[in-house]
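The residues making up each chain are set out below.
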Amino acid sequence: MENLLTVFIAIFLAEFGDKTQLTTIAFASKYGWKTAFLGAILGLMAVNFIGALLGDAIGDVLPMDLVHKGAGALFIVFGVLMLLGKL
């Protein structure tokens, strides 16, 4: 249960105020909160399910320190691309 809470808090903080939340706000203003909420839940569930499956598979094959370094490098690349207006 402690691990579940850790994952919940990390994802909640990472997602708060991001593009997905702003998009959900825009959809809610057009389609109502129930439709926007259900659509957002289903979309996030699908994306996170894929991420969890890939993460589980990668964790079985690669050493964890390499996974952490790779994730860090991807965050840097995405951050630079965002700063340059490419994302």
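Quick caveat, the model's predicted, so the values are computed rather than measured. (Residues numbered from 1 in each chain as written. Predicted model: local features only at pLDDT ≥ 70, side-chain atom pairs only at ≥ 80, totals over all residues. Heavy atoms only, no water.)

**Considerations on the overall build of the protein chain**
Counting its regular elements, the protein chain contains four helices and zero strands. For the protein chain, the succession of helices and strands along the chain, N to C, is α-α-α-α. Relative to its length of 87 residues, the protein chain is extended, with a C-alpha radius of gyration of 16 Å against a globular reference of 12 Å. With respect to the three principal axes, the spread of C-alpha positions in the protein chain is 45 × 40 × 20 Å. Taken as a whole, the protein chain presents about 7600 Å² of accessible surface, with 77% of it coming from carbon and sulfur. Charged side chains in the protein chain number 5 positive and 6 negative. The centres of these two groups are separated by 19 Å. (Helix = DSSP H or I, 4+ residues; strand = E, 2+ residues; numbered from the N terminus. Rg over C-alpha atoms; globule rule 2.2 N^0.38 Å. Areas by Shrake-Rupley, 256 points an atom, 1.4 Å probe, with all protein chains shown as cover. Lys, Arg positive; Asp, Glu negative; His and termini not counted. Charge placed at Lys NZ, Arg CZ, Asp CG, Glu CD.)

**Quick notes on a nonpolar patch on the surface**
On the surface, F49, I50, L53, L54, I58, V61, L62 and L66 cluster together into a nonpolar patch covering about 780 Å² of accessible area. Per-element accounting of the nonpolar patch gives the leading share, six residues, to helix α3 (residues 33-61). Mapped onto the elements, F49 comes out in helix α3. Judged by its relative accessible area of 52%, F49 is exposed. (Patch = residues over 30% accessible without salt bridge, like charges linked within 9 Å, V, L, I, M, F, W, Y side chains within 5 Å. Salt bridge = Lys/Arg side-chain N within 4 Å of Asp/Glu carboxyl O. Buried < 20%, exposed > 50% of the residue type's maximum accessible area, 1.4 Å probe, protein only.)

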